[in-house]
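Chain and residue survey
Now for the letters of each chain:
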Amino acid sequence: MATITASISFLPKLCDPGRRRPRCPPTTNGNRIRAQPITAAILSDPFVLQLAETLEESVASTSSAPLLRKLRDASSESLLSTPWPTRKDELFRFTDTSFIKNSDVQPITPSSLMPSVSSTGITGDSPLSSITIVDGYFVDSLSNLSELPDGVFVGALSRLNSEDIMKRVSKYVSSFSGDLFWSLNGVGAPDMILVYVPEGCKVENPLYLRYISVSGSEKDAKTLPLSNPRVLVLVEKGGEIGIVEEYSPEGQMGNMLCYWTNAVMEIVLGDRAKVKHSYIQTQSMAAVHVKWTSVFQGSSSEYQLGEVSVGGKLSRHNVHVHQTGPDTKTELSAFHLSNGDQLQDLHSKIVLDHPRGFSRQLHKCIIAHSSGQAVFDGNFQVNRDAQQTDAGQLTRSLLLEPRATVNVKPNLQIIADDVKCSHGAAISDLDQNQMFYLQARGIDALTARKALIFSFAGEVIERLPEATLQRNIFGIIRKLLDPSAP
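A short tour of the structure in this document, coming up. (Residues numbered from 1 in each chain as written. Predicted model: local features only at pLDDT ≥ 70, side-chain atom pairs only at ≥ 80, totals over all residues. Heavy atoms only, no water.)

1. What about the overall build of the protein?
In terms of helices and strands, the protein carries ten helices and 22 strands. Among the 486 residues that make up the protein, the fraction classed as buried is 54%. Summed over its atoms, the accessible surface of the protein is roughly 22100 Å², and 50% of this surface lies on carbon and sulfur atoms. (Helix = DSSP H or I, 4+ residues; strand = E, 2+ residues; numbered from the N terminus. Buried < 20%, exposed > 50% of the residue type's maximum accessible area, 1.4 Å probe, protein only. Areas by Shrake-Rupley, 256 points an atom, 1.4 Å probe, with all protein chains shown as cover.)

2. Observations concerning unusual backbone geometry
With a phi close to 65°, Arg272 is a non-glycine residue in the positive phi region. Inspection of the secondary structure assignment puts Arg272 in the loop between β11 (260–269) and β12 (274–281). Take Arg272: its relative accessible area is 49%, and that puts it in the partly exposed class. The residue Arg356 is not glycine, and still its phi comes out positive at about 60°. The exposure class of Arg356 is partly exposed, given its relative accessible area of 40%.

3. Observations regarding the environment of Asn228
Here Asn228 shows up in the loop between β8 (223–227) and β9 (230–235). Here Asn228 falls in the buried class, since its relative accessible area comes to 3%.

4. Remarks on the pairing of β12
Most of β12 sits out of view: six of its eight residues are buried. In this structure, β12 lies alongside strand β14 (residues 302–309), joined through eight bridges in parallel fashion. By the bridge assignment, Val275 is partnered in β14 with Tyr303. (Pairing = 2+ DSSP bridges.)

5. Brief notes about the sheet that holds strand β20 (residues 389–399)
Whether parallel or antiparallel, the strands of a sheet pair through hydrogen bonds between backbone atoms. Reading across from one edge, β4-β3-β7-β10-β12-β14-β16-β18-β20-β22 is the order of the ten strands in this open sheet, with mixed pairing throughout. The open sheet has two edge strands, β4 (137–144) and β22 (419–428), and neither has a second partner. Recorded for the sheet is a direction-independent mean angle of 10° between the axes of neighbouring strands. Strands β14, β16 (329–338), β18 (358–367) and β20 of the sheet are contacted by helix α9 (residues 445–461), whose axis makes an angle of about 150° with β18. The strands touched by helix α10 (residues 467–481) are β10 (240–249), β12, β14 and β16; relative to β16, the strand with the most contacts, the crossing angle is about 30°. (Axes fitted to C-alpha atoms, helices over the stretch in contact; angles between N-to-C directions. Contact = heavy atoms within 4.5 Å.)

6. Side note on the environment of Thr330
The topology assignment puts Thr330 in strand β16. Counting along the chain gives 61 residues from Thr330 to Ala391, while the straight-line C-alpha distance between them is 9.3 Å. Among all residues touching Thr330, those that are not within four sequence positions of it are Gln297, Tyr303, Val321, Gln323, Ile350, Phe358, Ser359 and Arg360. In terms of polar contacts, Thr330 uses its side chain to reach the side chain of Gln323, at 2.9 Å. (Polar contact = N/O pair within 3.5 Å; in protein donor to acceptor, adjacent residues only side chain to side chain.)

7. Brief notes about helix α7 (residues 180–188)
A large share of α7 lies buried, amounting to nine of its nine residues. For α7, the set of buried residues is Leu180, Phe181, Trp182, Ser183, Leu184, Asn185, Gly186, Val187 and Gly188. Buried residues in α7 make contact with α2 (46–58), α3 (66–79), β9, β11 and β13 (288–297). N-cap assignment for α7: the residue whose side-chain oxygen lies 3.2 Å from the backbone N of Phe181 is Asp179.

8. Structural notes on the packing of α2 against α7
Direction vectors running N to C along α2 and α7 enclose 30°, while the axes themselves pass 8 Å from each other. Viewed along their axes, α2 and α7 adopt a mutual orientation that is roughly parallel. Residues Val48, Leu51, Ala52, Leu55 and Glu56 of α2 form the contact with α7, whose own contacting residues are Leu180, Leu184, Val187 and Gly188. Considering only residue class, the contact of α2 with α7 consists of seven nonpolar, one polar and one charged. (Parallel < 35°, antiparallel > 145°, perpendicular 65-115°, else oblique. Nonpolar A, V, L, I, M, F, W, Y, C, P; charged D, E, K, R; others polar.)

9. Examining the packing of α9 against α10
Close contact between α9 and α10 brings their axes to 11 Å; oriented N to C, the two are set at 145°. Read as a crossing pair, α9 and α10 show a hand that is right-handed. Taking contact as the criterion, the partners of Ile453, Phe454, Gly458 and Ile461 in α9 are, on α10, Gln470, Ile473, Phe474, Ile477, Arg478 and Leu481. (Left-handed = near helix turned anticlockwise from the far one by under 90°.)

10. Regarding the pattern of salt bridges
In this structure the tally under the stated criterion is 16 salt bridges. As a salt-bridge pair, Glu90 and Lys409 come within 3.3 Å of each other at their nearest N and O atoms. Separated by 319 residues along the polypeptide, Glu90 in the loop between α3 and α4 (98–101) and Lys409 in strand β21 (residues 405–414) bring together distant segments of the chain. In this structure, Asp327 and Arg356 form a salt bridge, with 2.7 Å as the shortest nitrogen-oxygen distance. With Asp327 in the loop between β15 (314–323) and β16 and Arg356 in the loop between β17 (343–352) and β18, this pair connects stretches of sequence that are 29 residues apart. Take Asp327: its relative accessible area is 34%, and that puts it in the partly exposed class. Look at the salt bridges and you will find they share partners, linking Glu90, Arg93 and Lys409 into a network. (Salt bridge = Lys/Arg side-chain N within 4 Å of Asp/Glu carboxyl O.)

11. Some words on the packing of aromatic side chains
For the structure shown, the criterion picks out twelve aromatic pairs. Relative to Phe474, the ring of Phe454 has its centre 6.1 Å away and its plane inclined at 45°; by these criteria the two rings are tilted. With Phe454 in helix α9 and Phe474 in helix α10, the pair connects residues that are 20 residues apart, well separated along the chain. Cation over ring: Lys364 sits above Phe456, and NZ or CZ is 4.2 Å from the ring centre. The side chain of Arg441 reaches across the aromatic face of Tyr437, ending 3.7 Å from its centre. (Phe/Tyr/Trp six-rings, centres within 6.5 Å; stacked < 30°, edge-to-face > 60°. Lys NZ or Arg CZ within 6 Å of the ring centre and 35° of its normal.)

These figures capture arrangement, not role.
Have a look at this one:
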């Protein structure tokens, strides 16, 4: 089936609704002071407030740096009036999150994490620059940062000693407001991982961020361990860096565990800065994976995102890119695979506010199971001053089984009148003409089908920065589509 559609300190004290309000006394000039209604108290969702309280308690013993307190306070305030999303909300019309609400969500704490880490085979042996984040906590002993250039800082915000960098970072903490999951991360993040690239510095090798999920419950259990990793990448004027995010469970047994990863990455690019960002999601097939990526681009900056998402029972990626200067370039490409009772969801928005902006988005997904689902909601907002914008968007989906479902909604909102913008959507099974072409040359039907599926995915995967990473992704997809493959 396919659809195309072009602590408790912050909690309010609720008064007894049956109790009559006392009449306000008059002031000296005879006017009465009318009490304002507590809107937050009226709109508060009890489940959200309880979850926020549990998150506050879980991070009580972690870093209390001023910037983290600022983030937590702002996030707590927004949760007062943010209900849990349902299918009645437009942004979640095709995404059912009720099973999270029906679970016993338990934030992962350092005391419960460290015994699990010590009993695993996770190592920090890597010739490349990398950091390891286990269940939302930065593990210094499993990271390798020896090859970074001078002036580059990568580590926990609580360990930052430079006042100059701290002053720069403070401008961007809590500068953007996302949805409920964004705010829950702001309350529950034990620390913030900071990647800082100074002006004019070019980091030659990509920085790998390994997110490893260790804690989890059995598949049929009601408990849902929750982690909230948060990363801020700040690249100053003329700086360049490659970022590779890899989300995965620990070991083969971890592929059947239930857990919830609620991640946030914020990226700020100065003028003429460049960031090549790769995001690989291979979480447990029983896991919940929700991620936010927020990007602010300065003048003449370049941001490229290559995304591959194949894991998770529910996987949702929210991407928000704001071009804040002229001559800015944005390229987004994503490949999603739903190979079981899975939902792969991508919601993206690119806001263009200045002249000569360039943006391209390619979304491709394969639904290879009758219970599989996918959602794509892509929005380009071209505002009045964004003249001479060049923007293009394309989504293509393969439905390989009966009753497989995809819902796509490409969307262009154009106010400027001197632009070149386009979008397109295609949903189908494999092209029979292509199948015939290959079979006519002696290739059997099964081999031809596999070749066409891999070539469909390859257009996105081949945009990833390294051949080794590309081979690993192809190997994972081959194993998912054909478990008998070596």
